[in-house]
Amino acid sequence: KIQQVMVSLSQFYKLTLSGGRDIITLEEELRLCDAYMRIQQLRWEGAIDYMVEADNELLHARLPKITLQPLIENAIKHGIMQRGEARGSIIISAALEEEKEGRWMTLSVLDNGVGMENSEEQLQKGSGSHYGMKNIEQRLALFYDTEIHIQVDSETGLGTCVSLTLPIIEDEEAQKE
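Residues numbered from 1 in each chain as written. Predicted model: local features only at pLDDT ≥ 70, side-chain atom pairs only at ≥ 80, totals over all residues. Heavy atoms only, no water.

Asker: Now, about unusual backbone geometry: what can you tell me, with residues and values included?
Answerer: If you check the backbone angles, alanine 86 has positive phi at about 50 degrees while not being a glycine. Take alanine 86: it is sitting in the loop between helix 3 (69–79) and strand 4 (88–99). The backbone of aspartate 145 sits at a positive phi, close to 55 degrees, despite the residue not being glycine. Positionally, aspartate 145 belongs in the loop between helix 5 (131–144) and strand 6 (150–155). (Helix = DSSP H or I, 4+ residues; strand = E, 2+ residues; numbered from the N terminus.)

This is the structure in structure tokens:
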């Protein structure tokens, strides 16, 4: 088990460092999330099921690294581990949205944890610093040069879905390949 954690941890750190790049592809971000979840699944002894549903067209879209991992961490800490049986599932999805204004991707982290009442209100005035989510919004706003809002939909006892809708910026090098 220690060997498995060490391999996953080294993969996570390698992906986090990403050769000094701050901007990576969605595919790299999902690999980072996979490494993180392997560690968590070992830590919590298989209590967390994990699945990714990503539109292949989006895999070369660029985004700041460590965008989804803090959302997964929140889902585990504030959602799943707060359940009585401390078991649950997380689904990451990446969906293509095409509108007349352009192409967008919606990234979502869905958990079946404890959920919360009035999720938007709680996030604005509630307990905790919400530093991770504020940090993500600020980094995304700087990268995309537009205001980005994290959408939180939650229901007590059923879970939470945290979503980001982002403009698509393709990775030019990946497209050449």
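Asker: Describe the nonpolar core, and please don't skip the residues or the numbers.
Answerer: As a rule of thumb, nonpolar side chains are buried together in soluble globular proteins. The biggest cluster of nonpolar side chains holds 41 residues, and the ones touching the most others in it are Leu26, Leu68, Ile72, Ile90 and Met105. Sort the elements by how many residues they give to this core and helix 2 (residues 26–43) lands first, with eight residues. Here isoleucine 72 is in contact with Cys33, Tyr36, Met37, Ile90, Ile92 and Val109, once residues within four sequence places are set aside. (Core = buried A, V, L, I, M, F, W, Y, C linked by side-chain atoms within 4.5 Å. Buried < 20%, exposed > 50% of the residue type's maximum accessible area, 1.4 Å probe, protein only. Contact = heavy atoms within 4.5 Å.)

Asker: How would you explain the packing of helix 1 (residues 2–17) against helix 2 if you had to name every residue and give the values?
Answerer: With their axes 9 Å apart at the nearest point, helix 1 and helix 2 run at an angle of 150 degrees to one another. Regarding the angle of helix 1 to helix 2, the classification is roughly antiparallel. Relative to helix 2, helix 1 is oriented so that their crossing is left-handed. Residues Gln4, Val5, Ser8, Leu9, Gln11, Phe12, Leu15 and Thr16 of helix 1 pack against Glu28, Arg31, Leu32, Ala35, Tyr36, Arg38, Ile39 and Leu42 of helix 2. Looking at the contact of helix 1 with helix 2 residue by residue, the class counts come to nine nonpolar, four polar and three charged. (Axes fitted to C-alpha atoms, helices over the stretch in contact; angles between N-to-C directions. Parallel < 35°, antiparallel > 145°, perpendicular 65-115°, else oblique. Left-handed = near helix turned anticlockwise from the far one by under 90°. Nonpolar A, V, L, I, M, F, W, Y, C, P; charged D, E, K, R; others polar.)

Asker: Describe the sheet that holds strand 4, and please don't skip the residues or the numbers.
Answerer: The strand order across the open sheet formed by five strands is 2-4-5-7-6, and the pairing between neighbours is mixed. Single-partner strands in this sheet number two, and they are strand 2 (48–54) and strand 6. Direction aside, the axes of adjacent strands within the sheet are offset by 15 degrees on average. Pairing of strand 2 with strand 4 involves seven bridges; the strand directions are parallel. The partner of valine 52 across the bridge, within strand 4, is isoleucine 92. (Pairing = 2+ DSSP bridges.)

Asker: Tell me about the side chain of glutamate 29, and name the residues and values.
Answerer: Within the element layout of this structure, glutamate 29 appears in helix 2. Among buried charged residues, glutamate 29 stands out as having no salt bridge; its nearest opposite-charge side chain is arginine 139, 6.6 Å away. With near-sequence residues (within four places) excluded, glutamate 29 lies in contact with Ile24, Leu63, Pro64, Lys65, Ile66, Thr67, Leu68 and Gln69. (Lys, Arg positive; Asp, Glu negative; His and termini not counted. Salt bridge = Lys/Arg side-chain N within 4 Å of Asp/Glu carboxyl O.)

Asker: Give a detailed account of the packing of aromatic side chains, specifying residues and quantitative values.
Answerer: This structure, assessed with the given rule, holds two aromatic pairs. An angle of 45 degrees between the planes, with centres 5.9 Å apart, marks the rings of phenylalanine 12 and tyrosine 36 as tilted. A residue pair is termed long-range when its members are at least 10 positions apart, and phenylalanine 12 in helix 1 and tyrosine 36 in helix 2 qualify at 24 residues. On the basis of relative accessible area, phenylalanine 12 is assigned to the buried category, the value being 12%. Given a relative accessible area of 10%, tyrosine 36 falls into the buried group. Residues phenylalanine 143 and tyrosine 144 carry aromatic rings whose centres are separated by 4.7 Å and whose planes lie at 75 degrees to one another, so their mutual orientation is edge-to-face. Residue classification places phenylalanine 143 among the partly exposed residues on the basis of a relative accessible area of 21%. Relative accessible area serves as the criterion here: at 9%, tyrosine 144 is assigned to the buried category. (Phe/Tyr/Trp six-rings, centres within 6.5 Å; stacked < 30°, edge-to-face > 60°.)

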